[in-house]
Amino acid sequence: MLERLKEIYGYKEMIRNLVKKELRGRYQSSVLGFLWTFLNPLFQIIIYTIVFSTIMRSGMEQFYLYLAVGMIPWMFFSSSVQGGAMCIVSQQDLVKKIYFPREVLPVSYVTSCFVNMLFCFVIVFLMLEVSGKGMEPAALLYLPAVMGVEYLLALGFAMLASAFTVYFRDLEHILGVVLQAWIYLTPIMYPMEMIPARMTAVFQANPMTAVIEAYHTILYDRQVPHLASLGGAFLTGIGLLAAGSMVFDRLQKGFAEEL
């Protein structure tokens, strides 16, 4: 395992180049280009805010802030899983021609999504300041840890999805449906207090619940997150990444033939 990690690290320059390529090519042919990095999440936040503040009336104070704090991390996770599912297939020419640790592809894709999320957090920080809510420095110290836990979860799922999609191409579309349902099983648009008691266990079994709750606690409530639940999410992320790595390692032997 350590030898494999060292080998992947040895290709850090390739990972860096693939991340740059992904970030540059994402909106390359569009008129507004890089601005879509900010406009996409902003439009989604506006739409959900209109629906849940005026039509369905969530009744939460500064609902748009609560939504933005949860939606930006969710978009990172969702794009990492669904887009990551195709990262091997979309680079099939590279996989067939040269040798490199195939894990480089999901790692670089998830990392590019992570960098994109960091850019999008500019929107969140601006909204917090403009709204007058501000930020609590002591709580902000925990933000990198929460981001790290989410990165582990996203990479673990992306490793599994990318390996299975090589053999089962319909998985990309299935994941799209699953993620559409998953967002409503994550406390992004409503707090856990609104969840019926009979559904609490379902939400708590969702590894993204603890992550999104931690973001809300730090940025919306301006408090230190619950370390026990965050620690559980961290262990889940480590376990998922380990499982994803083992499955990926076993399935990658047939990638060239299947592609």
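Residues numbered from 1 in each chain as written. Predicted model: local features only at pLDDT ≥ 70, side-chain atom pairs only at ≥ 80, totals over all residues. Heavy atoms only, no water.

Student: What is the right way to read the overall build of the chain from this model?
Tutor: Check the secondary structure of the chain and you find 13 helices and zero strands. Listed N to C, the secondary structure of the chain is α-α-α-α-α-α-α-α-α-α-α-α-α in terms of helices and strands. Looking at the chain as a whole, 48% of its 259 residues qualify as buried. Across the chain, contacts joining residues at least 24 apart in sequence account for 79% of those joining residues at least 6 apart. When the accessible surface of the chain is totalled, it reaches about 13200 Å², and 64% of it is carbon and sulfur. (Helix = DSSP H or I, 4+ residues; strand = E, 2+ residues; numbered from the N terminus. Buried < 20%, exposed > 50% of the residue type's maximum accessible area, 1.4 Å probe, protein only. Contact = heavy atoms within 4.5 Å. Areas by Shrake-Rupley, 256 points an atom, 1.4 Å probe, with all protein chains shown as cover.)

Student: So what exactly am I meant to see when it comes to the nonpolar core here?
Tutor: Buried together is how nonpolar side chains tend to be arranged in soluble globular proteins. Within the largest apolar cluster, 82 residues are counted, with the highest numbers of intra-cluster contacts made by W74, F77 and Y215. Counting residues per element, the ones that place at least two in this core are α2 (12-25), α4 (63-84), α6 (104-131), α8 (143-167), α9 (171-182), α11 (207-220) and α12 (227-251). When residues in this core are grouped by element, the largest group, 15 residues, is from α8. The residues touching Y215, leaving out its near neighbours within four places in the chain, are V69, P73, M117, F121, L143, V146, M147, E150 and Y220. (Core = buried A, V, L, I, M, F, W, Y, C linked by side-chain atoms within 4.5 Å.)

Student: Mind showing me how you'd approach the environment of M147 here?
Tutor: With respect to the helices, strands and loops of the structure, M147 is situated in helix α8. Given the relative accessible area of 9%, M147 is considered buried. Along the chain, M147 and F114 lie 33 residues apart, while their C-alpha atoms are 8.7 Å from each other. With residues near it in sequence (within four places) discarded, M147 still touches F114, M117, L118, F121 and Y215.

Student: Is there a simple way to think about the side chain of N206 in this case?
Tutor: Summarising the element assignment, N206 is placed in the loop between α10 (200-205) and α11. A residue is classified by how much of its surface remains accessible, and N206, at 8% relative accessible area, is buried. Among the polar contacts made by the side chain of N206, one reaches the side chain of W182 at a distance of 2.9 Å. Residue contacts for N206: discarding those within four places in its chain leaves W182, L185 and T186. (Polar contact = N/O pair within 3.5 Å; in protein donor to acceptor, adjacent residues only side chain to side chain.)

Student: Looking at this structure, how should I read the side chain of T165?
Tutor: Mapped onto the elements, T165 comes out in helix α8. Taking relative accessible area as the criterion, T165 reaches 0% and is therefore assigned buried. Of the polar contacts made by the side chain of T165, one reaches the backbone oxygen of A85; its length is 3.3 Å. For T165, the residues in contact, after removing those within four places along its chain, are A85, M86, V89 and L171.

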